[in-house]
Amino acid sequence: SMQTASGGFGYWPGTTRPYYWATAFATHMLLDAKKLGYEVPEDRLKAALDFIENAANTGGSEWSSGYWYRNDWTNAEAYSHYVLALAGRGRKARIAQIIEAWPRNSEWEKEEQLYQLKAALYLTGDRTYEQDLKSLPGTEIAHRRWNDWCFYSALRHRAFALSIFGDLFGNDPVADREAEAIAAVLRKNESRYFTTQELGWSLSALGKIAGSGSSDFDPPQLMFGKKELAAASSPRQSSERSWSVYRASEYPDLTLNVGDTGKGKLYLILSSKGVRENATYQLGGHDLDIRRRYFKPDGTELKFPGSKVGLGDLVFVELTLTNQTREDIRNVALVDRFPAGWEIENPRLGRDNAVNWVQQSEQWEIDYMNIRDDRFEVFGALKARESRKVVYALRATLAGSYTIPPVAAEAMYDPQQWARAAGTVVEVSGPWASYLE
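Everything numeric in this text was worked out from a predicted model, so none of it was measured.

Within the protein chain, the secondary structure is distributed over ten helices and 17 strands. Overall, the C-alpha framework of the protein chain stretches about 85 × 70 × 40 Å when taken along its three principal axes. The buried share among the 437 residues of the protein chain stands at 43%. Taking as baseline every contact in the protein chain between residues at least 6 positions apart, the subset at least 24 positions apart corresponds to 70%. By element, 49% of the accessible surface of the protein chain is carried by carbon and sulfur atoms, the whole surface being about 24400 Å².

Given below as structure tokens:
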């Protein structure tokens, strides 16, 4: 749904305009999926590769009108050549020419692109830069992010390079320090601190390093006291084991026993799921501000708790989102969850019940809208100091007392830019008096 007629990919389902970086990223994923045995439509994959190859031939001129589109090809050219090389379509002479003309002492995102170009050349059979590819820094990773259309960050850069390294050289000892540097950053914060690009490439890279570790270890045992807990799965012809322990916090004396650990490092992957006790929402924000108000169809404001809503009543939600910085913020995700007992009047079906008190000039020109049973999601950009509104309608379909969750917004590729406003409670009353008379 995100592949256009040209073969290139956009950022939202149903899009008509492709982006070069998005196409390289999506095609890279499809190539990896095919390599791992997943079913990938050959005609779709060929169309994407043809699109990338045509861009490499023309310098991205076909879809480069406008500043962001020109910048898109500038950011995507190196990655596009790497993806073509992965597919066996590498352009050795052109890649070597770009590397030769590369500016010296380039920084940050240019370093990431140069590594991709050298890897692309390596995949074509040219080993000129093999030692450069193996020279991973292994140093502390700085906090740097660019919230643009290639979603650069220092962590993504280093993880992307290590992931490529794993594909080219496997578990070479030089990768250990780089893997530890990436893991050290991940340990410092909860997952919501990171972007999807940072998490995706970090886990890809660390997974490849861990996957090429010890393979001849003895089958491990998970013990609770003197009792061995049964493994949930045991892959054939493998010593790997996994366990699922319900209410694990009540097992204080769990012990993992491994006899011979075999050659190389042995890795344990530990994950936990549950509901936090006494969890609280962090309210307020940084760089963004979000406000939520409720109205009757005639424009009268509803104040919750306190204002009554009758069964079947229509309620309009007004969300006001403000960029408090002096710079544009792109890729902002606004998520408003509504309570059980309320259903959204789907704007896509022409049931948004537009009212005359809504000022169209104040409405947010969004990039994409996503409607679910329990939430309303919109995505877009805000100019510096810009404030925009989103209005949608809900209908009360069940009587009772309900909790309205908080409303939140954040920059998708810089989670440090965020806002969250408190929830409340609402009473929906039914026409019970007429039945009781």
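There is more to say, and it comes next.
Here the focus is the nonpolar core. In terms of nonpolar packing, the biggest core is built from 67 residues, with Tyr-79 and Leu-162 touching the most fellow members. Residue assignment for this core shows that the elements contributing at least two residues are helix 1 (20-35), helix 2 (42-58), helix 3 (67-86), helix 4 (92-100), helix 5 (109-123), helix 7 (154-169), helix 8 (175-188) and helix 9 (196-211). In terms of residue count, the dominant contributor to this core is helix 7 (ten residues). Setting aside chain neighbours within four positions, we find Tyr-79 in contact with Trp-21, Ala-24, Phe-25, His-28, Gln-116, Phe-160 and Trp-201. In terms of nonpolar packing, the next biggest core, distinct from the first, is built from 34 residues, Leu-382, Ala-396, Tyr-402 and Val-407 among them.

Hydrogen bonding along the main chain pairs the strands of a sheet, whether they run parallel or antiparallel. Read from one edge of the open sheet, three strands run 2-1-3, paired in antiparallel fashion. Two strands bound the open sheet, and with one partner strand each, they are strand 2 (227-229) and strand 3 (254-257). Direction aside, neighbouring strands of the sheet carry axes that sit 40° apart on average. As paired strands, strand 1 (residues 221-224) and strand 3 are joined by four bridges and run antiparallel to one another. Opposite Met-223, over in strand 3, you have Thr-255 as the bridge partner.

Quick look at helix 5 now. Every α-helical turn comprises 3.6 residues, leaving residues that sit three or four positions apart pointing alike. With 15 residues, helix 5 should reach 21 Å at 1.5 Å per residue; the first-to-last C-alpha distance of 21 Å fits that figure. Among the residues of helix 5, those classed as buried are Glu-112, Gln-113, Leu-114, Tyr-115, Gln-116, Leu-117, Lys-118, Ala-119, Ala-120, Leu-121 and Tyr-122.

One can describe the packing of helix 5 onto helix 7 by two numbers: an axis separation of 10 Å at closest approach and a directional angle of 10°. With respect to helix 7, the element helix 5 is oriented roughly parallel. Here helix 5 contributes Glu-111, Glu-112, Tyr-115, Gln-116, Ala-119, Tyr-122 and Leu-123 to the contact with helix 7, which in turn contributes Arg-156, His-157, Phe-160, Ala-161, Ile-164, Phe-165, Leu-168 and Phe-169. A breakdown of the residues in the contact of helix 5 with helix 7 according to their chemical character gives ten nonpolar, two polar and three charged.

Following Phe-304, the chain continues to Pro-305 via a peptide bond in cis, the omega torsion being -10°. On the secondary structure map, Pro-305 appears in the loop between strand 6 (301-302) and strand 7 (308-310). The phi angle at Phe-151 is positive, at roughly 60°, despite the residue not being glycine. What makes Phe-151 buried here is its relative accessible area of 5%. At Asp-287, a position not held by glycine, the phi torsion is positive, near 75°.

A separate point is the sheet that holds strand 15 (residues 407-411). Read across the open sheet, the six strands follow the order 4-16-15-9-12-11; overall the sheet is antiparallel. The strands lining the two open edges of the sheet, one partner per strand, are strand 4 (284-286) and strand 11 (368-371). Ignoring strand direction, the axes of neighbouring strands in this sheet form an average angle of 20°. Direction of pairing for strand 9 (residues 329-337) relative to strand 15: antiparallel, over a ladder of five bridges. Opposite Ala-333, over in strand 15, you have Glu-410 as the bridge partner.

This next bit is on the pairing of strand 17 (residues 424-429). Residue alternation in strand 17 divides its side chains into a buried set, Thr-424, Val-426 and Val-428, and an unburied set, Val-425, Glu-427 and Ser-429. Where strand 7 meets strand 17, three bridges bridge the pair, whose relative direction is parallel. Within strand 17, the residue paired with Lys-308 across the bridge is Glu-427. Summarising the sheet, strand 14 (residues 400-404) and strand 17 pair through five bridges and their orientation is antiparallel. In the strand pairing of strand 17, Ile-404 is matched with Thr-424.

Turning to the side chain of Thr-27, a few remarks are in order. Within the fold, Thr-27 resides in helix 1. Taking the relative accessible area as the measure of exposure, Thr-27 reaches 0% and is therefore buried. Apart from the residues within four sequence positions on either side, Thr-27 is in contact with Phe-9, Leu-45, Ala-48, Leu-49, Ile-52 and Val-83.

This next bit is on the packing of aromatic side chains. Within this structure, the stated rule accounts for 24 aromatic pairs. A ring pair is formed by Tyr-122 and Phe-169, whose centres lie 5.3 Å apart and whose planes are at 70°; its orientation type is edge-to-face. Within this pair, whereas Tyr-122 is found in helix 5, its partner Phe-169 is found in helix 7, the two being separated by 47 residues in sequence. What makes Phe-169 buried here is its relative accessible area of 17%. Members of the aromatic cluster, connected to one another through ring pairs, are Tyr-11, Tyr-19, Trp-21, Phe-25, Tyr-79, Phe-151, Phe-160, Trp-201 and Tyr-413. Against the face of Tyr-122 rests Arg-127, its NZ or CZ located 3.9 Å from the ring centre. Between the NZ or CZ atom of Lys-134 and the centre of the ring of Phe-169, over which it lies, the distance is 4.9 Å.

Calculation rules
- Residues numbered from 1 in each chain as written.
- Predicted model: local features only at pLDDT ≥ 70, side-chain atom pairs only at ≥ 80, totals over all residues.
- Heavy atoms only, no water.
- Helix = DSSP H or I, 4+ residues; strand = E, 2+ residues; numbered from the N terminus.
- Buried < 20%, exposed > 50% of the residue type's maximum accessible area, 1.4 Å probe, protein only.
- Contact = heavy atoms within 4.5 Å.
- Areas by Shrake-Rupley, 256 points an atom, 1.4 Å probe, with all protein chains shown as cover.
- Core = buried A, V, L, I, M, F, W, Y, C linked by side-chain atoms within 4.5 Å.
- Pairing = 2+ DSSP bridges.
- Axes fitted to C-alpha atoms, helices over the stretch in contact; angles between N-to-C directions.
- Expected span 1.5 Å × (residues − 1).
- Parallel < 35°, antiparallel > 145°, perpendicular 65-115°, else oblique.
- Nonpolar A, V, L, I, M, F, W, Y, C, P; charged D, E, K, R; others polar.
- Phe/Tyr/Trp six-rings, centres within 6.5 Å; stacked < 30°, edge-to-face > 60°.
- Lys NZ or Arg CZ within 6 Å of the ring centre and 35° of its normal.

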